Amino acid sequence: MTDTTPALMWFRDDLRLSDNPALTAAAQGGRPVIALYVLDEDSAGLRDMGGAARWWLAGSLRALGAALARSKVQLVLRQGPAARVVPEVARAAGCEVVAFNRRAGRAEARVDDEVEALLEKQGCAVERHLGQLLHQPGSVRTQAGGMPRTFSAFQRSALRDRPAPLPQRAPSLTGLKTRLESEDLDSWQLEPSKPDWAGGLRESWKPGEAAAHEVMSDFIDGGLSGYAEGRDRPDQIHVSRLSPYLRFGEISPRQALAAVLHAGEAGTAPMADARKFESELYWREFSYHLLHAVPDLARRNLQANFDAFPWRECSGDLKAWRRGLTGYPIVDAGMRQLWQTGWMHNRVRMIVASFLCKHLLLHWTEGESWFWDTLVDADPANNPASWQWVAGSGADAAPYFRIFNPVLQGEKFDPKGDYVRTYVPELAHLPRNLIHKPWEAGGLELAQAGVRLGITYPRPIVDHAAARDRALRAFEHTRKDTRAAG
DNA sequence: GTGGTTTTATC
DNA sequence: ATAAAACCA
């Protein structure tokens, strides 16, 4: 006997068919499935997606729609507040069950509660699953029962009851005979048209579940060996590039972890590298743990003593940072990689973030907002948590005196200057001993490289030593303020 | 004195 | 993480 009453699968940040607990639950017993995605820009408190993430979402929904269509399942696209749309579609399809995977944000949870209440009123059961994280946010506790405050305490606690990394296969799906009303993806205008700035994104990325698994295989066959060290090198290939796929759930953390650990156990890659990757996945878990505890993570300093920090306001400096025109090659290369490809290597993210917060003394929220708008992997938990970590206001933040020297960082992690040459082509002909500090080049060397400082490439907008002193003084100032206030 | 390495201070 | 100070050959 198969159940012929259809179930509704409400897709959100889990745009995949495999290892999707809510989808598996919806398809249980062979009952027909209706798939729904709601573009909700109306419900209170939800953060509107940034431009690059919207571009990604369009490609991802197209891929998901095509994959579902192969199983004759319709992906219904609807725009509007979820509390109106979801019950409406459930009623139109005659569903008695609605399944979805939980979201971590408080506003999102509020929307989900409202949807659930309305669905139950119309006789529809709701099933919530854990699909986007290894651990349910809020569930990881220290042995004493408290909330772990630092990453290492969090990871230690979480690994005490390590979830079995056994990803599920995609369920076999059956569709409905009848078609439901659906909107045209193009009418949502998720992709830019005038101007079309997405050329670099199209060249760099292929959204969708199938592509996620290709990227993961490439990583395991290529960059995973040597990941622990190589992940800090923007000139090398030792990073997974899975972040946007994880952000939109085109691959689950459980799938990524299982694949990498399997490679470690099979001897394809050193286990130490696999463990390092696991640890990076746990940074993501920790960010969601923080978001769960502090819903306004993107606005509020986790360390209250940062509320008095004397941030500067300078639209010129902010603009130079955004455009990659600070005069520090490694910073500018990173900011241009971001602008061109919608992504930045993690080591370089830390360098540019440190530069914004410490050298320029601009508020970390300015950087967080820019990343939110320009990253294809812009993540509601990772992005603010990582910015706070760099700024020093975070839970288990980098100590304030950790001020990156952009020259030393460049020389250490991009020793030949290949990364700079790729994204700052006007410096491409400088020799490697000068590429991270063109202002130290002599007139002849500059002329030979075709660089005219201040014309073809800017001089540094701040002097490193002076900026470092200023940042240390600013921190001291806040410390005194806090004491006086306390 | 020099050049390189190690130690310490920054909170 | 960095930079200055201390150390050493």
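Note that this is a predicted model, so its numbers are computed, not measured. (Residues numbered from 1 in each chain as written. Chains lettered and ligands numbered in written order. Predicted model: local features only at pLDDT ≥ 70, side-chain atom pairs only at ≥ 80, totals over all residues. Heavy atoms only, no water.)

### Here's the deal with the overall build of chain A
Helix and strand content of chain A: 20 helices and five strands. Here the C-alpha radius of gyration of chain A, 24 Å, is about what a compact globule of 486 residues would show, namely 23 Å. If you line up chain A on its principal axes, its C-alpha atoms span 80 × 55 × 50 Å. Counting across all 486 residues of chain A, residues that qualify as buried make up 54%. Counted over contacts in chain A with a minimum sequence separation of 6, partners at least 24 positions apart contribute 78%. Of the roughly 21,200 Å² of accessible surface on chain A, 50% is carried by carbon and sulfur atoms. (Helix = DSSP H or I, 4+ residues; strand = E, 2+ residues; numbered from the N terminus. Rg over C-alpha atoms; globule rule 2.2 N^0.38 Å. Buried < 20%, exposed > 50% of the residue type's maximum accessible area, 1.4 Å probe, protein only. Contact = heavy atoms within 4.5 Å. Areas by Shrake-Rupley, 256 points an atom, 1.4 Å probe, with all protein chains shown as cover.)

### Some remarks on the sheet that holds strand 4 (residues 97-101)
Hydrogen bonds along the backbone pair up the strands of a sheet, which may run parallel or antiparallel. Spatial strand order, 3-2-1-4-5: five strands in an open sheet with parallel pairing. Two strands in the sheet have a free side with no partner beyond their single neighbour: strand 3 (75-79) and strand 5 (125-129). Within the sheet, the average angular offset between the axes of one strand and its neighbour, ignoring direction, is 25°. Two strands pair when backbone bridges link them, and strand 2 (residues 33-39) and strand 3 are joined in this way by five bridges, in the parallel orientation. (Pairing = 2+ DSSP bridges. Axes fitted to C-alpha atoms, helices over the stretch in contact; angles between N-to-C directions.)

### Quick word on the domain arrangement of chain A
Taken domain by domain, chain A holds domain 1 (7-132), domain 2 (133-165 + 207-294) and domain 3 (304-481). In total, domain 1 and domain 2 occlude about 1,900 Å² of area from one another, counting both sides; carbon and sulfur atoms represent 54% of this. In terms of surface lost to domain 2, no three residues of domain 1 exceed W56, A104 and Q132, which account for 34% of the buried area on that side. One can count 15 residue pairs in polar contact (both at pLDDT 80 or more) joining domain 1 with domain 2. Per-element tally for the side of domain 1 that touches domain 2: the top contributor is helix 2 (residues 51-69), with seven residues. (Domains from an automatic or database assignment. Buried area = accessible area lost by both parts, 1.4 Å probe. Polar contact = N/O pair within 3.5 Å; in protein donor to acceptor, adjacent residues only side chain to side chain.)

### Focus: unusual backbone geometry
Look at the link from K194 to P195: it is a cis peptide, with omega at 0°. Mapping P195 onto the fold places it in the loop between helix 5 (151-160) and helix 6 (199-204). At D19, a position not held by glycine, the phi torsion is positive, near 45°. Turning to its location among the elements, D19 is positioned in the loop between strand 1 (7-11) and helix 1 (21-26). Under the relative-accessibility criterion, D19 is labelled buried at 2%. One non-glycine residue, K72, lies in positive phi territory at about 60°.

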